[in-house]
Amino acid sequence: MTTDLRIAVLGVGMMGADHVARITERTKGATVTVLNDYLPEKAEELAATIPGCRAINDPLDAIADPDVDAVILATPGPTHEKQLLACLEAGKPVMCEKPLTTDVATSLEIVKREAELGRKLIQVGFMRRFDHEYEQLKGLIDDGTFGQPLLAHFVHRNPAVPPNFDSAMIVKDSLVHEVDATRFFFDEEITSVQIIAPGSNPNAPEGLKDPQIAIFTTESGRHVDVECFVTTGVAYEVRTELVGELGSAFIGLDQGLIRKQRNPVQSDTGDGRKIAGISTGDITPSFVERFGVAYDVEIQRWVNAVRRGDNVDGPGAWDGYAAAAVCAAGVKALETGQPQTVEMVSRASIPGA
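Residues numbered from 1 in each chain as written. Predicted model: local features only at pLDDT ≥ 70, side-chain atom pairs only at ≥ 80, totals over all residues. Heavy atoms only, no water.

## Remarks on the overall build of the chain
- For the chain, the count of helices and strands is 10 helices and 17 strands.
- Here the chain has a C-alpha radius of gyration of 22 Å; the compact-globule value for 353 residues is 20 Å, and the two agree.
- For the chain, the proportion of its 353 residues judged to be buried stands at 51%.
- Contacts in the chain between residues far apart in sequence, at least 24 positions, make up 68% of those at least 6 positions apart.
- Roughly 16000 Å² of accessible area belongs to the chain as shown, and the carbon and sulfur atoms make up 52% of that amount.
- Positive and negative side-chain charges of the chain, numbering 33 and 51 respectively, have mean locations separated by a distance of 2 Å. (Helix = DSSP H or I, 4+ residues; strand = E, 2+ residues; numbered from the N terminus. Rg over C-alpha atoms; globule rule 2.2 N^0.38 Å. Buried < 20%, exposed > 50% of the residue type's maximum accessible area, 1.4 Å probe, protein only. Contact = heavy atoms within 4.5 Å. Areas by Shrake-Rupley, 256 points an atom, 1.4 Å probe, with all protein chains shown as cover. Lys, Arg positive; Asp, Glu negative; His and termini not counted. Charge placed at Lys NZ, Arg CZ, Asp CG, Glu CD.)

Below, the structure written as structure tokens:
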């Protein structure tokens, strides 16, 4: 492709509008030509600020438009199945923000439909894979620096969530990132999930089981645990520790100076030592700041891949299906209080998946 990639962005809420700004201001070799949103006036207002861009009210018409070479889906999850099928039918590459679809069965159907085409068209927006620290840690794992990787510890904290956020969404919307990170680092599937719900945060909305502790077991028996706490009221914190037979590594601490104190004044230990009393630090307020560069890299690499005909440079439809299967087991584990086996078909059973 010798001209700019012409992109339709479906859904211009926070994530979609951020992608529009990213493409128009920082991405090389691409331009936004079509916008769509379930609130037409939002798409029209944003389109008016971009030279040569139009708003189209019907999302399927936006996908099929002749001025569109590729599509970004930043629409609500329940709309993804029909929109992804339209992209496959039109033969247009698509960057789909997670989830691939909202349930395991439809995600598997998307995998099968893409495999039938004989070409990869779907990339799923697990942006952490494009963060420089995640890439660095992945490189150290793959080159054997730690010997055999044994286990991983994750922390995922949000300051707050929307009013409609329920306990299952902690698994499907938040924990899903650690699901994909586990698969990314270890290159194997997660086979079982356990969710432990400690006493809930008093400041969480009524009925929300927060925090949650997830325990994954992988195919080779590796252990992964995750603290997922989405109503801290503090900031956005994402950390990972990888432990191997020859050493360990920590990522997610590049957030400025962090000092830990427990009181506003120094206290005397009785032996002449002083203990500082206040905890302060510069911590990113949301995922937009923490992973902003990762989003930039993700979209630029996707644009480059589509322009050279590869269409995908990152997690694909199978990764979206695998994440859906693990999260479905996670929701069941949360509801039952018991570990659950992840039910997935064999990837080898779908040629081309």
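Past the structure itself, the notes keep going.
## Section: the packing of helix 1 (residues 14-25) against helix 9 (residues 292-307)
- Helix 9 packs onto helix 1 with a crossing angle of 65° between their chain directions and a minimal axis gap of 11 Å. By the angle between their directions, the pair helix 1 and helix 9 is classed as roughly perpendicular. Along this stretch, helix 1 crosses helix 9, giving a crossing that reads as right-handed. The segment helix 1 lies against helix 9, with Met15, His19, Arg22 and Ile23 engaging Gly292, Tyr295, Asp296 and Ile299.
- Looking at the contact of helix 1 with helix 9 residue by residue, the classes come out as four nonpolar, two polar and two charged. (Axes fitted to C-alpha atoms, helices over the stretch in contact; angles between N-to-C directions. Parallel < 35°, antiparallel > 145°, perpendicular 65-115°, else oblique. Left-handed = near helix turned anticlockwise from the far one by under 90°. Nonpolar A, V, L, I, M, F, W, Y, C, P; charged D, E, K, R; others polar.)

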